[in-house]
Amino acid sequence: MVNNILQKIVESWQYNEPSLCTFDELLEWIETRNRTTAVETQRIRLEDSDAWFYDREEGSIRNQKRSFFHIAGYQRIMQGGQVISQPIIIQEEIGYLGILCKEIKGIMHFLMQAKIEPGNINKIQVSPTIQATKSNFTQRHGGGVPPYLEYFLNAQKYEVIVDQIQSEQSSRFYKKRNRNIIIYVDEEVPVLPSHRWMTLRQIKLLMREDNLVNMDTRTVLSCIPFSKLNLSPLSLSKISDCFQDKALFRSVFLGDGHNKLPEIYQYINNWKMFQNMEYKLLPLHELDDWEMRGNEFVCKHPYPFKVIFCDISIEGREVRHWTQPLFEATGIATFGLICCEENGVLKFLVKAISEVGCFDGLELGPTVQREAVVSEQKEDAVFKFFSDCLKCGKGILFDHLLSEEGGRFYQEQNRNVLIKVNIQDLPKLPGGYFLLDYRTLNELVQINNVLNIQLRNLLSLLEA
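Residues numbered from 1 in each chain as written. Predicted model: local features only at pLDDT ≥ 70, side-chain atom pairs only at ≥ 80, totals over all residues. Heavy atoms only, no water.

A. Broad picture of the environment of Leu248. Mapped onto the secondary structure, Leu248 falls in helix H8 (residues 246–253). In this structure Leu248 comes out as buried when scored by relative accessible area, which is 2%. (Helix = DSSP H or I, 4+ residues; strand = E, 2+ residues; numbered from the N terminus. Buried < 20%, exposed > 50% of the residue type's maximum accessible area, 1.4 Å probe, protein only.)

Written as structure tokens, this is what we have:
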């Protein structure tokens, strides 16, 4: 059954005809909801929040109910003596990022939500069917139960396509993970005004609109297990006919025939075994380089983010008015993925990356993952090559601003870039880089905490 559903998802990826609604109608629906939904976000001082306070004893910014999340200090001492100190979000609970899919008129559709998060740069973004922390759906916040929750709580009654616990942004979160889940249903599903059925192709086209498809949608869709498809030669031929990019088709469904997993895991496991570094959580007031300045908690020298405090009102939410801290980026980061053909198969250049809050220490990330504010990051030959390609516009397949998670980050948008180059033009790869087909990456995403969220998001942008 799952094999048939995956084939239908492939068809939905390729489907280029109007379905339940046209692409323009989807844009109009989003714009209408933007016009008719009231949102107000005001910056305040922490002292003006009735729900959040600085717990001097624990040294963290936390909620009066001691739920949701809290912000503590973090320090890591690298093997070479470099010290990283910063605030970090601690949210131990695992939330749902869930999408319902259903075959309608012979085409697979995904039930997507027009959702507003307090930190969204443009109010509405296309989000999963359900996007809820454990505090949300257990009603610890005092609000209502999120719609469609029952499908995911009772997932065993349906066909589960994806069910993975994947990492969040490890530069801001401490070991944070969420449950990425896609469920196929064949029953009637009531559609709320906040939701619409869309084909996979329509979602991919919406990703080409700046800041319109949110990060959570992108990470869930990146987990679709195309590598698990068992297709007949006839089915493969039919799918190939619909792919404009034949090298991508071969990368997704055939691979290059080489097992790269031992090489990848040898590098990862050696790093985990022999990398000597110390890290600890500590009170915020012991972060020597950080201070409260006005109504913000900021670093004394340039840093990728700061902590702000907001009073938020959003119409139509489970809770309509609240206060909370948000992390605000200082500039626009760049996430870039280089791809190239090798023997007719599209390969992707990925890099093993260690971030401060990484759940398991090290994950595979994109070719380039560069904050707007950079402190002592080395510019190796690959980064310089990527920068040169970007400057001259060489081989760019995708170049758009896409938002990070609006529930914890304030109006953070980052530049997401896909670049295709000739393989012979690549510089010699330093240690920690791997040139992998999509099939291998898709196998790895079926394992928790191997591909980081920036790489997963970039892979979700690929179009047939």
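B. Broad picture of empty space enclosed by the protein. Evaluated as defined, the whole model comprises three cavities of 30 Å³ or more. Elements with a minimum of two residues in the lining of the largest cavity: helix H5 (200–206) and helix H6 (215–222). Taken together, the residues of the lining of the largest cavity break down into eight nonpolar, two polar and one charged. (1 Å grid on protein atoms, 1.4 Å probe; cavity = no way out; pocket = protein on both sides within 12 Å on 5 of 7 lines; lining within 4 Å. Points joined across faces, edges and corners; volume = space filled by probe spheres on them. Nonpolar A, V, L, I, M, F, W, Y, C, P; charged D, E, K, R; others polar.)

C. Layout of unusual backbone geometry. A positive phi angle is found at Arg66, which is not glycine, with a value near 55°. For Arg66, the position within the fold is in the loop between strand S3 (60–63) and strand S4 (70–77). Within the chain, Gln411 stands out as a residue other than glycine whose phi angle is a positive 45°. Position of Gln411 among the secondary structure elements: in the loop between strand S23 (409–410) and strand S24 (413–420). A residue is classified by how much of its surface remains accessible, and Gln411, at 36% relative accessible area, is partly exposed.

D. Spatial organisation of the packing of aromatic side chains. Enumeration according to the criterion identifies 20 aromatic pairs in this entry. Residues Tyr151 and Tyr158 carry aromatic rings whose centres are separated by 5.6 Å and whose planes lie at 45° to one another, so their mutual orientation is tilted. The burial state of Tyr151 is the same as that of Tyr158; both residues are buried. Each ring, one from Phe243 and one from Phe253, has its centre 5.8 Å from the other, and the planes form 85°; the classification is edge-to-face. Of this pair, Phe243 sits in the loop between helix H7 (233–242) and H8 while Phe253 sits in helix H8, and the two are ten residues apart along the sequence. Assigned by exposure class, Phe243 and Phe253 land together as buried. Each member of the aromatic cluster is reached from another via a ring pair, and the members are Trp13, Phe226, Phe243, Phe249 and Phe253. The lysine or arginine in question, Arg177, covers the ring of Phe359, its NZ or CZ lying 3.9 Å from the ring centre. Over the aromatic face of Phe383 sits the side chain of Arg370, whose NZ or CZ is 4.2 Å from the ring centroid. (Phe/Tyr/Trp six-rings, centres within 6.5 Å; stacked < 30°, edge-to-face > 60°. Lys NZ or Arg CZ within 6 Å of the ring centre and 35° of its normal.)

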